[in-house]
Each structure stands twice: as C-alpha cells, then as structure tokens.
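Single-letter residue listing:
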Amino acid sequence: MKQKKVDLSIVIPVYNEEENLPILYEKLKKVLDNLGKSYEIIFVNDGSTDGSWKIIKELAEKDPHVIGVNFRRNYGQTAAMSAGFDVANGEVIITMDADLQNDPEDIPKLLEKIEEGYDIVSGWRKDRKDAFISRTLPSRIANWLISKVTGVNLHDYGCSLKAYRSEIAKNLDYYGEMHRFLPALAKPLGAKVIEIPVKHHPRLYGKSKYGISRTFKVILDLFLVKFLLDYRTKPLRVFGGTGLIFLLVGILTLLYLTCLKFCAGQDIGDRPLLIFGTLFFLTGIQLISTGIIAELITRTYYESQNKRPYVIKEIVEKES
Ligand code: UDP
Ligand code: MG
C-alpha cells in the first residue's frame with residue numbers, strides 16, 4: 001500500500017452499486033481535478049454481490065488516484081468507513097455515499113469550512129429526496145433527540161457527506177452502526193463541528209440498504225453514545241451513584257425492621273417491607289460492584305492500547 005501524503009482522501013463505502021460507480025467516478029474526477037489539490041479516492045467494497053468490485057478494480061488499475069479496498073464479506077457501512085479512514089493518507093478525509101445521492105460538487109464548500117478552522121464539516125440534506133413517512137420524518141425525530149442528548153446540535157446526523165480533519169477521523173473509535181454519531185463522538189476530542197446545507201438527489205439506480213428499523217437501532221445506540229460521552233472515564237459515577245441510593249434506602253429499611261423486631265418485639269417475617277429492603281440492599285451492592293468492574297475495564301482499555309484520556313493539540317517549548 002502507498003504511504004504518500006495527499007491533501008484529500010475521499011472515502012466511499014460501496015455495497016452493490018455497480019450502476020452508480022462509473023457515473024460517480026466521472027463526477028468526482030471533474031470536481032477533484034479542478035481543486036488544484038493532491039487527492040485519492042478510496043472505494044471500500046463492503047462484500048458486494050454484484051459487479052461493483054470488478055469496476056473498482058478496473059478504476060484502480062487505470063487511475064493512480066484510486067485505491068480499492070475489498071472486504072471478505074458485508075460488514076456494514078460503519079466498518080467500511082472505518083477501513084477507509086485506516087487506509088487514508090489525506091490531511092482531510094471526506095466521506096460520501098456511492099449511490100449518487102450526495103453530490104461531489106459540494107466538496108469545495110466542505111473544504112472551505114475546514115480551511116476556516118473547523119475539524120468536522122457535516123452535510124445537511126436540507127431538501128431531502130427520500131420518502132417522507134418512512135425515512136425523512138423518523139430521521140428528523142432522531143436528529144432532534146441525538147442533538148438534545150449529546151449536546152452537539154445538527155439537523156442531519158445521517159448525511160454521509162462529511163469532511164474530517166484526518167487526526168480527528170483517525171482518533172475516533174466506534175463499532176456497530178455508529179458512523180452517524182461521529183460528530184458527537186468527536187466531542188471529547190475537542191472537535192469544532194459545523195453543518196452546511198448540501199444537495200441531495202433521489203436514488204436512481206440500486207436499492208437503499210436500510211429501512212425504518214434503523215430508527216430504533218439509532219435510538220439504542222444513542223444510550224451508548226451518551227454513556228461514552230459523559231462517563232467513559234468515570235463509569236463508577238453512573239453505577240455507583242444509583243447504587244448508593246439503592247443501598248441507602250435498603251439499609252434504612254432494614255434498620256427500621258430490625259428496630260421493630262428488637263425494640264418493639266414485632267414479627268417482621270411476613271412484611272413486604274423485608275423483601276423490599278433486601279432487594280434494595282442487594283441491588284445497591286450489585287450496582288456499585290458493576291461500577292468498580294467498569295472502572296477496571298476502562299483502565300484496561302486505555303492502558304492496553306496506550307491511549308490517553310485526553311488529546312493534545314500542540315506543545316510549545318523553548319529549544320535549549
Ligand atoms: N453501504 C455499505 N454497506 C452496507 C450498506 C450500505 O457500504 O451494508 C453503502 C451503500 O453502498 C451506500 C451507502 O453505504 O454507498 C449508503 O447506503 P444507502 O444509500 O443504502 O443508505 P440511504 O442513503 O438509503 O440512507
Ligand atoms: Mg443513499
């Protein structure tokens with residue numbers, strides 16, 4: 001694999017897009033050749049069962065700007081993006097879909113914002129060309145929710161057309177189907193994020209790979225994102241905090257019952273409060289232990305990979 005630095009890497013996950021690829025390539029070429037920057041186009045073939053890989057291979061063989069990455073099977077759009085980030089040599093990395101729904105002509109606008117100093121420029125499909133009830137409406141609700149929960153306000157998390165400064169893209173870690181949360185996940189890195197309206201076209205060839213069920217998955221992922229954003233380095237705070245409340249209520253209830261038994265001589269064996277107190281006590285202990293285990297896992301995570309819980313922008317020092 002080539003290790004040369006370029007100004008710009010375009011990362012494109014591809015899953016069964018054979019009709020779209022040649023058109024996309026031509027459009028991209030036209031825009032990129034006019035930029036006056038060095039660039040590479042990385043197509044990541046995510047286990048396509050049609051002729052997509054054949055087309056990518058042909059492009060890579062004839063054009064030195066093109067890099068083709070071929071997955072063994074279909075791993076999903078997030079994994080494909082991640083592979084693209086790993087391979088990318090560009091100072092700026094731009095992601096987009098292969099289905100011609102994003103428009104390469106928006107690329108210069110994204111770059112302008114990066115040059116202004118932003119770390120992530122996210123596309124906003126202001127005039128979205130997808131079905132309203134099954135796609136656009138659920139996505140509006142999801143975007144509102146994600147913005148509220150993460151504190152990173154975007155109208156359109158789902159738009160794939162985004163530009164990242166490379167050190168941000170390469171420092172993000174995410175799994176599953178988390179690529180849409182990248183601007184939020186970049187918050188702990190101190191990334192400056194901005195959103196700009198971009199064009200959106202209806203899908204002409206091939207089928208969309210997602211349906212309504214994605215909205216529910218997105219909401220589930222949001223819990224994890226919230227946790228990762230606020231507590232990844234201090235999980236004991238979440239588990240231990242609630243655990244302490246449970247423990248305290250449990251102890252007070254059991255003390256009250258003990259008092260009834262020994263001070264007032266009452267029978268407490270058949271009181272529902274006894275079960276209540278015991279449950280609270282045990283749950284409290286369980287939660288606190290879970291928190292401590294989570295703390296240990298966090299340490300393993302950071303220390304085994306030599307990760308630091310902070311990211312330094314620069315260090316200045318007088319040479320001696
Ligand atoms: N994609 C992929 N792997 C998958 C599903 C999708 O690489 O498992 C790619 C797909 O080829 C396209 C992009 O991800 O380039 C977005 O997919 P799609 O257009 O189906 O999503 P939508 O625009 O409908 O949200
Ligand atoms: Mg699409």
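Just so you know, these numbers come straight off a predicted model, no measurement behind them.

Q: Which parts of the structure should I look at to understand the packing of aromatic side chains?
A: The geometry of an aromatic ring pair is captured by the separation of the ring centres together with the interplanar angle, meaning the angle of the planes. Enumeration over the complete set of coordinates arrives at seven aromatic pairs. For the pair Phe 71 and Tyr 75, a centre-to-centre distance of 5.1 Å together with 85° between the ring planes defines the contact as edge-to-face. Pairwise contacts between aromatic rings join Phe 227, Tyr 231 and Phe 239 into one cluster. Its end group placed over the ring of Tyr 118, Lys 192 keeps NZ or CZ at 5.0 Å from the ring centre.

Q: Even after reading the chapter, I still don't get the sheet that holds strand β7 (residues 193-198), so can you show me in this structure?
A: Taken in spatial order, the seven strands make up an open sheet running β3-β2-β1-β4-β6-β5-β7, and their pairing is mixed. Every other strand in the sheet has two partners, leaving β3 (66-70) and β7 as the edge strands with one partner each. Averaged over neighbouring strand pairs, the angle between their axes works out to 20° when direction is ignored. Sheet analysis places strand β5 (residues 120-125) next to β7, joined by six bridges and oriented parallel. Across the sheet, Trp 124 pairs through a bridge with Pro 197, a residue of β7.

Q: Just to check I follow, could you spell out the coordination of the magnesium ion (ligand 2) for this structure?
A: Around a metal, the idealised angle for a tetrahedral arrangement of four donor atoms is 109.5 degrees; for an octahedral arrangement of six donor atoms it is 90 or 180 degrees. The coordination sphere of the magnesium ion (ligand 2) contains the protein donors Asp 99 (OD) and Gln 101 (OE1), at a distance range of 1.8 to 2.0 Å. Assigned by exposure class, Asp 99 and Gln 101 land together as buried.

Q: Is there a simple way to explain the nonpolar core in this structure?
A: Burial of nonpolar side chains together is a common tendency in soluble globular proteins. Ile 42, Phe 85 and Phe 181 are the most contacted members of the largest nonpolar core, which has 34 residues in total. Contributing elements (two or more residues each) for this core: β2 (39-45), β3, α3 (77-87), α5 (132-150), α6 (166-171), α7 (182-185) and α8 (213-231). Excluding anything up to four places from it in sequence, Phe 181 contacts Ile 146, Tyr 157, Val 218, Asp 221, Leu 222 and Val 225. Within the second largest apolar cluster, 33 residues are counted, among which are Ile 41, Ile 114, Val 121 and Leu 161.

Q: I'm lost on the packing of helix α9 (residues 235-263) against helix α10 (residues 272-304) in this one. Help?
A: Viewed as axis vectors pointing N to C, α9 and α10 meet at an angle of 155°, and their least axial separation amounts to 7 Å. Taken together, α9 and α10 sit at an angle that is classed as roughly antiparallel. Between α9 and α10 lies a crossing whose hand is left-handed. Residue composition of the contact of α9 with α10, grouped by class: 21 nonpolar, 12 polar and one charged.

Analysis parameters
Residues numbered from 1 in each chain as written. Chains lettered and ligands numbered in written order. Predicted model: local features only at pLDDT ≥ 70, side-chain atom pairs only at ≥ 80, totals over all residues. Heavy atoms only, no water. Phe/Tyr/Trp six-rings, centres within 6.5 Å; stacked < 30°, edge-to-face > 60°. Lys NZ or Arg CZ within 6 Å of the ring centre and 35° of its normal. Pairing = 2+ DSSP bridges. Helix = DSSP H or I, 4+ residues; strand = E, 2+ residues; numbered from the N terminus. Axes fitted to C-alpha atoms, helices over the stretch in contact; angles between N-to-C directions. Donors = N, O, S within 2.8 Å, 3.2 Å for Na, K, Ca; no water. Buried < 20%, exposed > 50% of the residue type's maximum accessible area, 1.4 Å probe, protein only. Core = buried A, V, L, I, M, F, W, Y, C linked by side-chain atoms within 4.5 Å. Contact = heavy atoms within 4.5 Å. Parallel < 35°, antiparallel > 145°, perpendicular 65-115°, else oblique. Left-handed = near helix turned anticlockwise from the far one by under 90°. Nonpolar A, V, L, I, M, F, W, Y, C, P; charged D, E, K, R; others polar.

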